[in-house]
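# What the coordinates show
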Amino acid sequence: MYLCCLISYGCLLRPHNEIRLLKRHHFKNNVTEIHLSGNENKGKKIRIVPIPNYVRELLINRLENLSHDDNLFTGAPDANNPYYFSTAWTRMFKLMEKEAIIEKNQTIYSFRHTASVNVYKKTKDLHILQQLLGHSDMIVTLKYLRGLGVHNANELKHVMPEL
């Protein structure tokens, strides 16, 4: 679960249908990039995602003994079922909430959303954020910025007058 959340935050991948299906062969250039073909991501376009060092450090040992077609999480060619991360999250959620590690409404996707807001705050560039998230439509990217009080393009113009 930790690795899934870390990849969601650090690489901005979707947990259930991108991270869950990662295999050894997706990791390229000395584990500095994840390469997804068009049929392996929601945007249907080839996607090359940089891997930050803090994620790379955890991946290197895990990938070391995997064969080309082995799944990152199972260590075998087959991936976990589509509900694997949701079920694991549900099981761990109450414990993490009790320990005040997470808040009431957090989900696995919250890591992707938080990272998105952080990227936008740092770059102030919606196009870069759209590319990193793999969105084909800017409206979808704008939804990720609700945490900044941005709910539509008109509100965004107050934050970014150049639009």
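### Focus on helix H3 (residues 53-64)
Residue pairs spaced three or four apart in an α-helix point in one direction, given the helix's 3.6 residues per turn. End to end, H3 covers 16 Å across twelve residues, agreeing with the expected 16 Å (1.5 Å per residue, within 8%). If you check which residues of H3 are buried, you get Val55, Arg56, Leu59 and Leu63. Buried residues along H3 cover an arc of 90° about the axis, so they all sit on one side. Every exposed residue of H3 that faces more than 90 degrees away from the buried side is listed here: Asn53, Glu57, Asn61 and Glu64. Where H3 is buried, its residues contact helix H1 (2-11) and strand S1 (27-28).

### Concerning the packing of H1 against helix H5 (residues 109-123)
At a minimum axis distance of 7 Å, the contact between H1 and H5 shows a crossing angle of 25°. In terms of orientation, H1 and H5 fall into the roughly parallel class. The way H1 lies across H5 gives a crossing that is right-handed. Of the residues in H5, those touching H1 at Cys5, Ser8 and Tyr9 are Phe111, Arg112, Thr114, Ala115 and Asn118.

### Considering the pairing of strand S2 (residues 33-36)
When a strand is regular, its side chains alternate between the sheet's two faces. In S2, alternate side chains face the same way, and those of Ile34 and Leu36 are buried while those of Glu33 and His35 on the opposite face are not. Two strands pair when backbone bridges link them, and S1 and S2 are joined in this way by two bridges, in the antiparallel orientation. Directly across from Phe27, in S2, lies its bridge partner Ile34. Between S1 and S2, which pair antiparallel one after the other, the connecting turn spans four residues, and Asn29 there sits at a positive phi close to 50°. Examined bridge by bridge, S2 and strand S3 (residues 47-50) share four bridges and lie antiparallel to one another. Note on S3: the bridge partner recorded for His35 is Ile48.

### Digging into the environment of Glu18
Mapped onto the fold, Glu18 is located in helix H2 (residues 15-19). Residue classification places Glu18 among the buried positions, given a relative accessible area of 2%. Placed 16 residues apart in sequence, Glu18 and Tyr2 show a C-alpha to C-alpha distance of 16 Å. Those residues in contact with Glu18 that sit more than four places away from it in its chain are Leu13, Leu36, Glu40, Asn41, Lys42 and Arg47.

The rules behind these values
Residues numbered from 1 in each chain as written. Predicted model: local features only at pLDDT ≥ 70, side-chain atom pairs only at ≥ 80, totals over all residues. Heavy atoms only, no water. Helix = DSSP H or I, 4+ residues; strand = E, 2+ residues; numbered from the N terminus. Expected span 1.5 Å × (residues − 1). Buried < 20%, exposed > 50% of the residue type's maximum accessible area, 1.4 Å probe, protein only. Arc of directions from axis to C-beta. Contact = heavy atoms within 4.5 Å. Axes fitted to C-alpha atoms, helices over the stretch in contact; angles between N-to-C directions. Parallel < 35°, antiparallel > 145°, perpendicular 65-115°, else oblique. Left-handed = near helix turned anticlockwise from the far one by under 90°. Pairing = 2+ DSSP bridges.

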